[in-house]
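# Understanding the architecture of this molecule
Read off the chains here:
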Amino acid sequence: MRRLLASAALVSGVFLTVSVTAAPAQAESIRYAYYMQADCYNGGNLGIQWGWWTTYRCSYQTMGGNQWFWFLYA
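As a starting point, this report considers the structure included with it. Computed from a prediction, not measured in an experiment: that's the story for all the values here.

### Describing the overall build of the protein
- When you go through the protein residue by residue, the secondary structure sums to two helices and three strands.
- Counting helices and strands in the order they occur from the N terminus, the protein gives α-β-α-β-β.
- Relative to its 74 residues, the protein shows a buried fraction of 19%.
- A fraction of 42% describes how many contacts in the protein between residues 6 or more apart in sequence connect residues 24 or more apart.

Right, here's the structure in full:
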């Protein structure tokens, strides 16, 4: 019985440690809008290099009408 209690305490401690040290998730938001795809990817890579975000994506979307932009989400 003593071994079972020790194992349960150890497992609980491991799960508690993992949940406390996990980084909080950040919601993705629009950071900028570009006319050209290359500019969007360059801006995303610069943001990673400068430590502003860890991941990004570029999405080609319209803002209504016939104007299309590359949106940088990070």
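The structure having been displayed, the exposition proceeds.
### Re the pairing of strand β3 (residues 68-73)
- Buried residues dominate β3, accounting for five of its six residues.
- Where strand β1 (residues 30-34) meets β3, four bridges bridge the pair, whose relative direction is antiparallel. Across the sheet, tyrosine 32 pairs through a bridge with leucine 72, a residue of β3.
- Bridge count between strand β2 (residues 57-62) and β3: six bridges; the pairing is antiparallel. Opposite serine 59, over in β3, you have phenylalanine 71 as the bridge partner.
- As consecutive antiparallel partners, β2 and β3 are separated by five residues, and within that stretch glycine 64 has a phi angle of approximately 105°, a positive value.

Basis of the calculations
Residues numbered from 1 in each chain as written. Predicted model: local features only at pLDDT ≥ 70, side-chain atom pairs only at ≥ 80, totals over all residues. Heavy atoms only, no water. Helix = DSSP H or I, 4+ residues; strand = E, 2+ residues; numbered from the N terminus. Buried < 20%, exposed > 50% of the residue type's maximum accessible area, 1.4 Å probe, protein only. Contact = heavy atoms within 4.5 Å. Pairing = 2+ DSSP bridges.

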